[in-house]
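Chain by chain, the residues:
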Amino acid sequence: MKARALLECTIDTANPAAELAATISAVLAVLPNAEARLSVLRTLDDEIGCALADYLAPETEAVA
């Protein structure tokens, strides 16, 4: 058996940005050190950057 620490979150999609920010803060609060928090934040930054690029790609193609 492997012991795990789990955090369950319910996100109200009527206010997603604030809910996601609160969830991220909750996750960061349980991480053991600044290095772990920074790693999570960098990974999120990459994922958000990719999502933005995918979302904005049709607008860029329409302008070209």
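Residues numbered from 1 in each chain as written. Predicted model: local features only at pLDDT ≥ 70, side-chain atom pairs only at ≥ 80, totals over all residues. Heavy atoms only, no water.

Caption draft 1: The overall build of the protein chain, seen in detail. For the protein chain, the helix and strand inventory stands at two helices and zero strands. The globule rule puts the C-alpha radius of gyration for 64 residues at 11 Å, and the 16 Å found for the protein chain is more than 25% above it. Projected onto its principal axes, the C-alpha positions of the protein chain cover 55 × 30 × 25 Å. Within the protein chain, buried positions represent 2% of all 64 residues. Looking at the protein chain as shown, the accessible area adds up to about 5,700 Å², and 60% of this sits on carbon and sulfur atoms. Across the protein chain, the mean location of the 4 positive side-chain charges is 17 Å away from that of the 10 negative side-chain charges. (Helix = DSSP H or I, 4+ residues; strand = E, 2+ residues; numbered from the N terminus. Rg over C-alpha atoms; globule rule 2.2 N^0.38 Å. Buried < 20%, exposed > 50% of the residue type's maximum accessible area, 1.4 Å probe, protein only. Areas by Shrake-Rupley, 256 points an atom, 1.4 Å probe, with all protein chains shown as cover. Lys, Arg positive; Asp, Glu negative; His and termini not counted. Charge placed at Lys NZ, Arg CZ, Asp CG, Glu CD.)

Caption draft 2: Structural detail: a nonpolar patch on the surface. Residues Ile11, Leu20, Ile24 and Leu41 make up a contiguous nonpolar surface patch of roughly 290 Å² in combined accessible area. Assignment of secondary structure puts Leu20 in helix α1 (residues 16-30). Judged by its relative accessible area of 43%, Leu20 falls in the partly exposed class. (Patch = residues over 30% accessible without salt bridge, like charges linked within 9 Å, V, L, I, M, F, W, Y side chains within 5 Å. Salt bridge = Lys/Arg side-chain N within 4 Å of Asp/Glu carboxyl O.)

Caption draft 3: View of the environment of Leu41. In this fold, Leu41 is placed in helix α2 (residues 34-63). The contact partners of Leu41, leaving out residues within four places of it in the chain, are Ile24 and Leu28. (Contact = heavy atoms within 4.5 Å.)

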